[in-house]
Every structure is written in structure tokens, then in C-alpha cells.
Amino acid sequence: MDAGYTPAHWPAEFVEAMLGRVVASFAAREHAPAMRLHATDTGATYGTSGPRQPVVGGPQHALPAWLMGRSLGADLLVRNALALPAPPFLY
């Protein structure tokens, strides 16, 4: 259904709650890639910290959209890596 409703339209409360859940789900997985997420519009950070791990940044709504496979991450930037890490399948 291409109704024009994108992750940018998601309510902030939904985005914050969903991002916390998805990050916790990935952190519990044995082979999830280590990374730090930085919401550039809110300043919130998620994930583990380390000197060489990728830092993925962008608008807060774009982070869970990418992690859940709803976006390719075109509006995200990554530091300490050549490309966005591949998140594991959520389910």
C-alpha cells in the first residue's frame, strides 16, 4: 500500500519505544553486529560503545525503520566503517 505514510510520519513516542525494543532484541543475539546508534535530531544514543565500532547516525525515525527492514538506510550516515552494517533479521 503506497499511501505515502513513511517512517517520518511515525509518532515520536512510537519511534522511541520501538527503537528501544529493537536495540534490546538485537543486543540479546549472539551474532548481532556491534554498533552505536545516534539520533541526530534528538541526541539519543543506543547500543554499545567502543573505539572502532560503527556509529550509525540520522533522524531518530530512520534508525528503527532501517533496523526493521522498512528502509535501506539512505538517510543514515556511518562513521568508523565503509558502509552500514547489515542488521540481523528481526524475526
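Refer to the structure presented above.
These figures come from a predicted structure and were not determined experimentally.

Peer 1: Hey, could you run me through the pairing of strand E3 (residues 55–58) in this one?
Peer 2: Working note: regular strand, side chains alternate between the two faces of the sheet. Burial along E3 is two-sided: Val55 and Gly57 facing one way and Val56 and Gly58 facing the other are all buried. Where E3 meets strand E4 (residues 77–79), three bridges bridge the pair, whose relative direction is antiparallel. By the bridge assignment for E4, Gly57 is matched with Leu77.

Peer 1: Would you take a moment to explain the environment of Ser71 for this structure?
Peer 2: Along the chain, Ser71 falls in the loop between helix H2 (62–67) and E4. As for Ser71 and Pro7, which are separated by 64 residues in sequence, their C-alpha atoms are 8.5 Å apart. Discounting residues that sit within four places of it in the chain, Ser71 has contacts with Ala65 and Trp66. Within the structure, the side chain of Ser71 is placed 2.9 Å from the backbone nitrogen of Gly73, a separation counted as a polar contact.

Reading guide: rules and limits
- Residues numbered from 1 in each chain as written.
- Predicted model: local features only at pLDDT ≥ 70, side-chain atom pairs only at ≥ 80, totals over all residues.
- Heavy atoms only, no water.
- Buried < 20%, exposed > 50% of the residue type's maximum accessible area, 1.4 Å probe, protein only.
- Helix = DSSP H or I, 4+ residues; strand = E, 2+ residues; numbered from the N terminus.
- Pairing = 2+ DSSP bridges.
- Contact = heavy atoms within 4.5 Å.
- Polar contact = N/O pair within 3.5 Å; in protein donor to acceptor, adjacent residues only side chain to side chain.

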